Amino acid sequence: MKMIVKLMALVVLLSFIVGCAPTATPTEAPVVPDAPAATEVPAAPEVQDWAAIEAAAKEEGKVVVYASSSRIEDQIEIWNQKYPDITLEGYDMGDIALKMVEEQKSGNVVADVWFNSEGETLFGEVYPNGYVLPFIPDEFADSLILSEDRPFAIQRFGGDAWGYNIEQNPEGCPIDNIWQVVDGTWDKKVYIEDPLAESDKISYYVMMIEHGDELAQAYLDQEGKEWTTDPDFGEDTPNAGWLWVKKFAKSPNLVLMPGGDEVTEAVASLGMTEPAGLALTSYSKVRDTAKGEIAFGVCQDVKPSNGTSSVTYLGIANNAPHPNAAKLYIRFALTEEGREPWNVLGNWPGRTDLAAPEGAPPFSEAGLWPEDPVAIYENASLVRDFWAINSLGQ
């Protein structure tokens, strides 16, 4: 009876929190009476006349890009040297999807280019409603990963990965199996960003659930028995991924931090004397290690995955005010010159014919699960609620 009362209290508390929280990104596509008429932006014609496109872009005079990266400012400087007659207005901003959707609905379209890693919203809402369209420069068509349901150009891959303090662990990562993170041995030293605070932070846990079979094998490798024998197994854990997320959310050793910088500072500050722990954070934090600012290393060869990859897509807004300049920009952003601001450790080029940054393994060898944007779009709210119930239950 006490357990039933406790669970009922948790449900009431969760309902109160959700009811008082700011409105989250909707998990269902909005009802649109009529999708906007499509701009003439072919996905991949056999031949593109780039001289004509550039001439038309100069007539348009500028291109407006909404980007999810502050390094767009560095890219503007490179663009200005190459195309001085076309102004690049690049904006580092949050809520790109919301902003572009509202522009489409109002008919006041400002942005020309989507340059954003919100794949779950792109494929779950924005693209199905015709708000943003794919465009593939012909010369790069064979070096981009494309499919019928993923027709957008990928500018780069990034990712979140498990990391550690390389000063305290000169032999390498102290774990080789993901179940070691939840085995109770870390004494309040597993650092992450709060997955309930930022919508994109739940993606990792969705992918754990999507890879339940691999988590089951990793459990067998680690424990020598089936995952269904675990004390936390139950009706709410239909696969081993759900079990791992449940145990992780319940873990007393979990420490929630407000941001990625705080995560790496907690686990990988230089000269730490107290025992360091583990961190789940952006792979790109190894850039700061290369600069000598922190002692953060990314785990390698963790079963079944070192982390998950993120994808930054390029697309053209429907009814873009400057469609030719948008095409020219997408082509530029996919070149070595255009991607130079992101040619750093922790990022990999979207084109398969370009090398990884110096010191980085090829992306195919980084051991990161590719994020499934549709699975994240469909399941993020469910996983977020599951996390909340289990974390509040402590």
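Residues numbered from 1 in each chain as written. Predicted model: local features only at pLDDT ≥ 70, side-chain atom pairs only at ≥ 80, totals over all residues. Heavy atoms only, no water.

Moving on, we come to the pairing of strand β10 (residues 307-317). Across the eleven residues of β10, ten count as buried, placing the element largely inside the fold. Direction of pairing for strand β3 (residues 113-116) relative to β10: antiparallel, over a ladder of four bridges. Paired with Val113 across the bridge in β10 is Ile316. When strand β4 (residues 132-133) meets β10, the two strands line up antiparallel, connected through two bridges. Of the residues in β10, the one forming a bridge with Val132 is Ala317. Inspection of the sheet shows strand β5 (residues 153-165) paired to β10 by eight bridges, in the antiparallel sense. The residue bridging Ala153 from the neighbouring strand is Leu314, located in β10. The pairing of β10 with strand β12 (residues 368-370) spans three bridges and is classified as parallel. In the sheet register, Gly307 faces β12, and the bridge partner there is Leu368. (Buried < 20%, exposed > 50% of the residue type's maximum accessible area, 1.4 Å probe, protein only. Helix = DSSP H or I, 4+ residues; strand = E, 2+ residues; numbered from the N terminus. Pairing = 2+ DSSP bridges.)

Attention now goes to the packing of aromatic side chains. Applying the stated criterion across every chain, the model contains 26 aromatic pairs. Ring geometry for Tyr66 against Tyr91: centres 6.3 Å apart, planes inclined by 75 degrees, an arrangement best described as edge-to-face. Here the residue Tyr66 occupies a position in strand β1 (residues 62-67), and Tyr91 occupies one in strand β2 (residues 87-92), the gap between them amounting to 25 residues. Overall, the relative accessible area of 39% leaves Tyr91 in the partly exposed class. Where Phe248 meets Trp387, the ring centres are 5.8 Å apart and the plane angle is 70 degrees; that geometry is what we call edge-to-face. One end of the pair, Phe248, is in helix α8 (residues 240-250); the other, Trp387, is in helix α12 (residues 373-392), with 139 residues separating them in the sequence. The exposure class assigned to Trp387 is buried, which follows from its relative accessible area of 2%. The ring of Trp50 carries the charged tip of Arg331 above its face, separated from the ring centre by 4.6 Å. (Phe/Tyr/Trp six-rings, centres within 6.5 Å; stacked < 30°, edge-to-face > 60°. Lys NZ or Arg CZ within 6 Å of the ring centre and 35° of its normal.)

Quick look at the packing of helix α6 (residues 203-210) against α8 now. Following both chains from N to C, one finds α6 and α8 inclined at 140 degrees, their axes separated by 6 Å at the closest point. The pairing of α6 with α8 is recorded here as oblique in orientation. Contacts between α6 and α8 involve Tyr204, Tyr205, Met208 and Ile209 on the former and, on the latter, Gly241, Trp242, Trp244, Val245 and Phe248. By residue class, the composition of the contact of α6 with α8 is eight nonpolar, one polar and no charged. (Axes fitted to C-alpha atoms, helices over the stretch in contact; angles between N-to-C directions. Parallel < 35°, antiparallel > 145°, perpendicular 65-115°, else oblique. Contact = heavy atoms within 4.5 Å. Nonpolar A, V, L, I, M, F, W, Y, C, P; charged D, E, K, R; others polar.)

This part takes up the nonpolar core. Among the nonpolar cores identified, the biggest contains 70 residues, and Val63, Val65, Trp79, Trp114, Leu314 and Tyr329 are the most heavily contacted of them. No other element matches helix α11 (residues 323-333), which puts seven residues into this core. Ignoring sequence-local partners within four residues, the contact set of Trp79 consists of Val63, Ile86, Thr87, Leu88, Ala325, Leu328, Tyr329 and Phe332. By size, the runner-up hydrophobic cluster in this structure holds 40 residues, among which are Tyr164, Tyr204, Val206 and Leu254. (Core = buried A, V, L, I, M, F, W, Y, C linked by side-chain atoms within 4.5 Å.)

The next subject is unusual backbone geometry. Cis rather than trans, the peptide bond between Lys303 and Pro304 has omega equal to -5 degrees. Mapped onto the secondary structure, Pro304 falls in the loop between β9 (296-298) and β10. Backbone geometry places Asp95, a non-glycine residue, at a positive phi of 55 degrees. By the secondary structure assignment, Asp95 is in the loop between β2 and α4 (96-106). The backbone of Asn319 sits at a positive phi, close to 60 degrees, despite the residue not being glycine.

In this model, helix α7 (residues 212-223) (twelve residues) spans 16 Å end to end at C-alpha, consistent with the 16 Å of a helix rising 1.5 Å per residue. On its buried side, α7 packs onto α6, α8 and β12. Where α7 terminates, the next one or two residues include Gly224, which has phi positive at roughly 75 degrees. (Expected span 1.5 Å × (residues − 1).)

On to a negative patch on the surface. Together, Glu73, Asp74, Glu77 and Asp92 give the surface a local cluster of negative charge. Looking at the negative patch, the element that brings in the most residues is helix α3 (residues 72-82), giving three residues. Topologically, Glu77 is positioned in helix α3. (Patch = residues over 30% accessible without salt bridge, like charges linked within 9 Å, V, L, I, M, F, W, Y side chains within 5 Å. Areas by Shrake-Rupley, 256 points an atom, 1.4 Å probe, with all protein chains shown as cover. Salt bridge = Lys/Arg side-chain N within 4 Å of Asp/Glu carboxyl O. Lys, Arg positive; Asp, Glu negative; His and termini not counted. Charge placed at Lys NZ, Arg CZ, Asp CG, Glu CD.)

Throughout this description, disulfide means a covalent bond between two cysteine sulfur atoms. Enumeration according to the criterion identifies one disulfide in this entry. Covalently, Cys173 is tied to Cys299 through a disulfide, its sulfur atoms 2.1 Å apart. Judged by the torsion about the S-S bond (65 degrees), the Cys173/Cys299 disulfide is right-handed. Remark: Cys299 occurs in the loop between β9 and β10 and Cys173 occurs in the loop between β5 and β6 (190-193); sequence separation between them is 126 residues. For Cys299, a relative accessible area of 0% gives the class buried. (Disulfide = S-S within 2.5 Å.)

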